[in-house]
Amino acid sequence: MPVIHVLSPHVADLIAAGEVVERPASAVKELLENAVDAGARTVVLELRAGGRDYIRVTDDGVGMAPEDAGICFLRHATSKLSDERGLEAIGTLGFRGEALAAISAVSRITLTTRRRGAAMGVRVEAEAGEIVSMEETGCPEGTTITVRDLFYNTPARQKFLGTDRSEGAACVQSALRTALGRPDVSFRCLRDGQEEFFSPGDGTAKSAVYALLGRDAAAGLLPVETESDGVAVRGFVSAPGCCRGNRGAQYFFCNGRPIRSRALQAALEQAYKNTAMVGKFPGCVLYITLPNGLVDVNVHPTKAEVKFAKEKPVFDGVYYGTLAALGQKSAPQTMSNAPFAPEPKSAAPVSSPARPAPAAASVPRKDFFRTMDAGAFRQAYAASPSRRTAASPVRDSAPYRAASPAAPKAVSPERVAAPARACTPDMPSGNAARSFAAAGAPDETPVSPAVPAAPVKKDAPAPETAEAATEQTVLDEAFRAEPVRYIGEALNVYILLEQGDRLLLIDKHAAHERLLFDKMRLNEKPLMPQELLEPQPFNTDPDGAALLEENAALMARLGFALDAFGDTAFLIRAVPAQLDAASAVPLLEELVEKLREGRSLSVSDVWERLAATVACKAAIKGGWVTEREELLSLAEKVLAGEVTHCPHGRPVMTVFTRAELDKRFGRIV
């Protein structure tokens, strides 16, 4: 009995359709490309129910004669290619003759067309790839194609489609890319009766960008224009301060065709090295023009990926064109939704931290007036860092008076912090730091005036008396048997501790980030939201808006309250309590990108990715001036073994032994 069978033409057509028409957005792309290839100057796209129920594309192109309309639904029937020599230099968006055949195989399709100059047009109806009727009709010049009930005869494909909103957003995004690639053609997109976008078609790239991407996006773009080795690169790139948290604003076009290219992405981002903030990606609308014979578009079923005969000239064109644009004196320097400074990569001091330093005369602790007299206060205030001169850059640590080991003061891990920044559950209050090193006598027992204790203002050193110089900050013996002395903070990044013959360095950002991440990951309750006094607007692309609506429960669990304000705009009414409100917009951009990456992941995996992103944004940053009590609490948790690595795998603490330091300084061989 034979086991190899020849498939029927219908099954073969369904298989071929699966390669070309993956979702409604694929059908939209193919139909719009056909309209552009037909010489249309005006194209109208109409969608209903996300494109699965209704797609209609109307153009004013050359139209088709009746004999051509009858065979256009056959596989490999095309007017754009006649022999193999045409494959060497393809100048049209379509060329395989598979689009209409694939779409008609999985839908009910109606074609109405009239050739320019003809007296009458023709109307053709096809179902599952078979023509069911064909008749003469009156219609305007051009072509109108209506696709209904997409995938009605392939339930296996239909059940994997998303919601109407997500599929409609993908259709709009696909149409927008096609319109952006052809500024000389006017495009109008209507979804469920509402206009999504309209491009004027005046042939000017700037007006197309303004109309399709919006005024805010266009305002932050710099012009690019360069030509070398037969490769011309024109268009726009974003200013360094207008970069985003994902690559969703990068649009590349090769000879009018929207393409994806890792090489071009690398060239663009390489030009922004040491210019854009860490973790931010530049946007662009770049039109690359080169001879058709130097680019191969026949390498992918969707024609979205191309292969260049010589990749280096194209790479250099994008790279050097972007560098030239960034060097313009007219480049805008204002920062957009980027309040945080990037995490420093080296030991270089941060000259302008993103978070302002606390005031020199901060509010004293509760026991201040019972433990310090006026003379001690003047002495401590004069020695504070803000009062020192530039000739003395070294900051002395501010050791607390060591408590009696017989009565250590423990800390409850549930102590809620109240630092100068936003309330952070993992940061202690001033009194909570006494478990790391008890500061003098208890509140109810004042210290003798003859030997004043050292509970000075936050971040101010203690009086430099002989007795204070011998004091050391000792970790509670419940955590470590060997005493640990708090030295201070280096570069506003690393906590310095001494334990026996070892020097301990703790990355405060990584430690705090892990604490927040563990709390969010293990806590089944949603994060506490903090309502904003003034709601912040947030704009994204249609696909991102659909993802936010589909994952509204996850966003609420993270502490975000979002109200839809149009198809692609939202109002942020609440953010997680641990988060600075100014960072809500860039954080949402990153969360949208994480949701895109996690479409095929489980809910728990997506939640873990989102939690890691929120924790990174909400954690204290390297370069911030941090309260002493916060540093002590972080060090206490690290030494207790609660924190070892940040969510991204970086170590939290590094240890240098006395022998290693002696070798470094040549004291021993």
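What this report covers is the structure whose coordinates are included nearby.

Calculation criteria
- Residues numbered from 1 in each chain as written.
- Predicted model: local features only at pLDDT ≥ 70, side-chain atom pairs only at ≥ 80, totals over all residues.
- Heavy atoms only, no water.
- Pairing = 2+ DSSP bridges.
- Helix = DSSP H or I, 4+ residues; strand = E, 2+ residues; numbered from the N terminus.
- Axes fitted to C-alpha atoms, helices over the stretch in contact; angles between N-to-C directions.
- Contact = heavy atoms within 4.5 Å.
- Disulfide = S-S within 2.5 Å.
- Buried < 20%, exposed > 50% of the residue type's maximum accessible area, 1.4 Å probe, protein only.
- Phe/Tyr/Trp six-rings, centres within 6.5 Å; stacked < 30°, edge-to-face > 60°.
- Lys NZ or Arg CZ within 6 Å of the ring centre and 35° of its normal.
- Parallel < 35°, antiparallel > 145°, perpendicular 65-115°, else oblique.
- Left-handed = near helix turned anticlockwise from the far one by under 90°.

One key point about sheets: their strands pair by backbone hydrogen bonds, in either a parallel or an antiparallel sense. With antiparallel pairing, the three strands of this open sheet are ordered in space as E19-E21-E20. Edge strands, defined here as strands with exactly one partner in the open sheet, are strand E19 (529-539) and strand E20 (561-564). Averaged over all adjacent pairs, the angle separating strand axes in this sheet is 20°, with direction ignored. Of the pairings in the sheet, the one linking E20 to strand E21 (residues 569-576) comprises four bridges and is antiparallel in character. What sits directly across from Asp563, in E21, is Leu571. The sheet contacts of helix H15 (residues 542-550) involve E19, E20 and E21, and relative to E21 the element is tilted by about 45°. Along the sheet, helix H17 (residues 584-597) makes contact with E19, E20 and E21, crossing E19 at roughly 65°.

For the structure on display, the rule yields zero disulfides. Free of any disulfide, Cys189 has its nearest neighbouring cysteine sulfur in Cys171, separated by 8.4 Å. The exposure class of Cys189 is buried, given its relative accessible area of 0%.

A complete count under the given rule lists three aromatic pairs for this structure. On the basis of an interplanar angle of 20° and a centroid distance of 5.3 Å, the ring pair of Phe253 and Tyr287 is categorised as stacked. Of the two residues, Phe253 is situated in strand E11 (residues 250-254) and Tyr287 in strand E13 (residues 284-289); the sequence distance between them amounts to 34 residues. A ring pair is formed by Tyr319 and Tyr320, whose centres lie 4.9 Å apart and whose planes are at 75°; its orientation type is edge-to-face. Here the aromatic residues Phe315, Tyr319 and Tyr320 are joined through ring pairs into a cluster of three or more. The ring of Tyr54 has Arg48 sitting right over it, with the charged end atom 4.1 Å from the ring centre. Between the NZ or CZ atom of Arg108 and the centre of the ring of Tyr152, over which it lies, the distance is 4.0 Å.

Further remarks concern the packing of helix H14 (residues 508-522) against helix H19 (residues 628-639). Interaxial distance between H14 and H19 falls to 10 Å at its minimum, and their mutual angle equals 70°. The orientation of H14 relative to H19 falls into the category roughly perpendicular. The handedness of the crossing between H14 and H19 is left-handed. Across the interface between the two elements, Lys508, Ala511, His512 and Leu515 of H14 pack against Leu631, Leu634, Lys637 and Val638 of H19.

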